[in-house]
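One letter stands for each residue in the lines below.
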Amino acid sequence: MAQFEEVSQKSKLHPKPEGLTLQYGTAGFRTHAKHLDHIMFRMGLLATLRSKKTKSTIGVMVTASHNPEEDNGVKLIDPMGEMVTAAWEGYATQLANAEQDSLLKELKDIIKKEDIDMSEPASVYVGKDTRPSSASLSQAVLDGVSSLGGKTHDYGLVTTPQLHYMVCCCNTHGCYGSPTVEGYYQKLSQAFLQLTQNALNRTDDQKRLLVDGANGIGALKMREMEPFLRSELQVVLSNDGSSGKLNHMCGADYVKVQQKAPQGMNMGVGERCCSFDGDADRIVYYYTDSKGCFHLLDGDKIATLISTYLKELLTQAGLNLQIAVVQTAYANGSSTRYLEDVMKVTVCCTKTGVKHLHHAAQEYDIGVYFEANGHGTVLFSKAAQKQIQELVKDPNTNDERKRAVKLLESTINLINQTVGDAISDMLMIEAVLAIRGMSAQDWDAIYTDLPNRQLKVTVCADRRVIDTTDAERRAVSPEGLQDTIDTLVKKYKSARSFVRPSGTEDVVRVYAEADTQESADSLAHEVSLAVY
Ligand code: NG1
Ligand code: ZN
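Treat the numbers as computed from the prediction; the structure is a model and nothing was measured.

Cut-offs applied
- Residues numbered from 1 in each chain as written.
- Chains lettered and ligands numbered in written order.
- Predicted model: local features only at pLDDT ≥ 70, side-chain atom pairs only at ≥ 80, totals over all residues.
- Heavy atoms only, no water.
- Near = heavy atom within 4 Å.
- Polar contact = N/O pair within 3.5 Å; in protein donor to acceptor, adjacent residues only side chain to side chain.
- Areas by Shrake-Rupley, 256 points an atom, 1.4 Å probe, with all protein chains shown as cover.
- Nonpolar A, V, L, I, M, F, W, Y, C, P; charged D, E, K, R; others polar.
- Donors = N, O, S within 2.8 Å, 3.2 Å for Na, K, Ca; no water.
- Tetrahedral: all angles 85-135°; square planar, octahedral: opposite > 155°, others 65-115°.
- Helix = DSSP H or I, 4+ residues; strand = E, 2+ residues; numbered from the N terminus.
- Buried < 20%, exposed > 50% of the residue type's maximum accessible area, 1.4 Å probe, protein only.
- Contact = heavy atoms within 4.5 Å.
- Domains from an automatic or database assignment.
- Phe/Tyr/Trp six-rings, centres within 6.5 Å; stacked < 30°, edge-to-face > 60°.
- Lys NZ or Arg CZ within 6 Å of the ring centre and 35° of its normal.

### Here we look at the site of ligand 1
So, point 1. Taken together, 15 residues lie near ligand 1, and Arg500, Ser502, Gly503, Thr504 and Arg509 sit nearest.
So, point 2. In the environment of ligand 1, an oxygen atom lies 2.7 Å from a nitrogen or oxygen atom belonging to the backbone of Gly503.
So, point 3. Relative to its unbound accessible surface of 430 Å², ligand 1 loses 93% to contact with the protein.
So, point 4. Of the residues in the shell around ligand 1, the class split is two nonpolar, eight polar and five charged.

This is how it looks when you write it as structure tokens:
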């Protein structure tokens, strides 16, 4: 078939280094950029098959998120803007690791298994982050798609969540918004401006926000979006990519793990600050107090702020919708206790990785999900959205209820429901703080984090000898490890600790929390020794 002839020819321009094997992990393929050219070409092929199979547009994003600038990676986006399904992750690994001479065989195997009609048209949207390697790697994706006769739309430099948004807009025929970067800015800014109309007498200081762009795509896109916000948000951008290196001493991951401010940010006392990660799908907030102490407002604090706000609106609107917060084992124990005991919302815990949280959140009328590292969003079920829209239109709705349902309606428009989105989450948080007249300190005071420590341990053996259960909170192998952890935890007050193999790095992650920082540090250290 001519179709495969072109694949065969073009794949020679993107040869696989013999013996190299890579896995589609927690967040797609991710490694040093020099190993990825063949992977990109092949993901172009796979996205084309997925498009034919689903009769929809599929997305391919070239990025390695918070990894160092020298790395790169690729993630596939399914029709509704969600991460590609698990079965196709398996195909991705199969195709990626096929030696050069068996590529066509593996490709045909997938076509057969999935019963794909190759006469169907295919459409693939491609985006990339600002890494130096991204331009040629995204070209390899485009080559892969065109060699199978698929149509491409190259969005060029976009944030990961922007590409998710485009895919969703396209496949819902514009119902979610217009599939352009401008359409994205318009949708989000309109919703933000509607929400902030409900915040009275905001001073310029209250409108000011310091943003660390991680020297990445988020900084670029924030600059583009600023005029749409009509000074209702006054962004002071640092690490904007003009001089520094991507994710180096800056960005959401650095701030969360190091528990300190990024380099290059000039923070005044009490000023609200936030950091994006390298592809702008994560965000964390922070401020320093009058004593110079650094305070982190991470994904758990964000989930609490947003769910408190939504719960209040639901009560005011008289809507009986179930709201749940989805977390992972990394959620601070204080946040879980506050959500369950004080706010009385359902809390559920899933494995690490947003696809697990997203899936769990879909089970509720309103599912708020955030990883502690600041990756998350809010999902509204179709039924919940319908109830809210009907109430907005109902002439019998009284003024108080109408205000609440209109706020809910704008909130839905502001939130990127396809995936965690630093820009959308930032605007959401800014709107909630403005409407409730809260400062960063007020927000921080909702509950006090338990001191905690995260460590990485490089082990000699394969890190996957550690197997876990109960949403990764307990180790089932190697034998005896969990008993040792339990014994260590008992030595400390309000303590908890767990270990799990990372899905994105060749390390075992250790997490510990306890009543004091010294205890959390010491417990984490002791558990690391047990792992090593
Ligand atoms: P791993 O390496 O599996 O722990 C990390 C993050 C995840 C998720 C993925 C993808 C932590 C502890 N883990 O996964 O939450 O964001 O990267 O980027 O933050
Ligand atoms: Zn990211």
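### Quick word on the coordination of the zinc ion (ligand 2)
So, point 1. In this structure, Ser65 (OG), Asp277 (OD), Asp279 (OD) and Asp281 (OD) serve as the protein donors to the zinc ion (ligand 2), at separations of 2.0 to 2.1 Å.
So, point 2. The site at the zinc ion (ligand 2) holds four donor atoms, and with the angles between them running 86 to 171 degrees, its shape is irregular.
So, point 3. Summarised as a motif, the one-chain spacing of the donors to the zinc ion (ligand 2) is S-x211-D-x1-D-x1-D.

### A closer look at the side chain of Arg282
So, point 1. Note that Arg282 resides in the loop between strand 8 (273-276) and strand 9 (283-288).
So, point 2. Residue Arg282 is classed as buried on the basis of its relative accessible area of 8%.
So, point 3. Of the polar contacts made by the side chain of Arg282, one reaches the side chain of Asp253; its length is 2.8 Å.
So, point 4. Those residues in contact with Arg282, other than ones at most four positions away along the chain, are His66, Ala252, Asp253, Ser275, Phe276, Asp277, Asn373, Gly374, His375 and Ala422.

### Overview of the domain arrangement of the chain
So, point 1. According to the domain assignment, the chain contains domain 1 (2-157), domain 2 (183-295), domain 3 (299-418 + 429-444) and domain 4 (452-531).
So, point 2. Here the C-alpha centre of domain 4 lies 35 Å away from the C-alpha centre of domain 1.

### Regarding the packing of aromatic side chains
So, point 1. Inspection of every chain in the model, using the stated rule, returns 13 aromatic pairs.
So, point 2. Ring geometry for Tyr24 versus Phe29: centroids 5.3 Å apart, planes at 85 degrees, classification edge-to-face. Residues Tyr24 and Phe29 agree in their burial class; the two are buried.
So, point 3. Ring geometry for Tyr286 versus Phe294: centroids 5.5 Å apart, planes at 35 degrees, classification tilted.
So, point 4. With a relative accessible area of 0%, Tyr286 lands in the buried category.
So, point 5. The lysine or arginine in question, Lys108, covers the ring of Phe4, its NZ or CZ lying 5.1 Å from the ring centre.
So, point 6. The ring of Tyr447 has Lys301 sitting right over it, with the charged end atom 4.1 Å from the ring centre.

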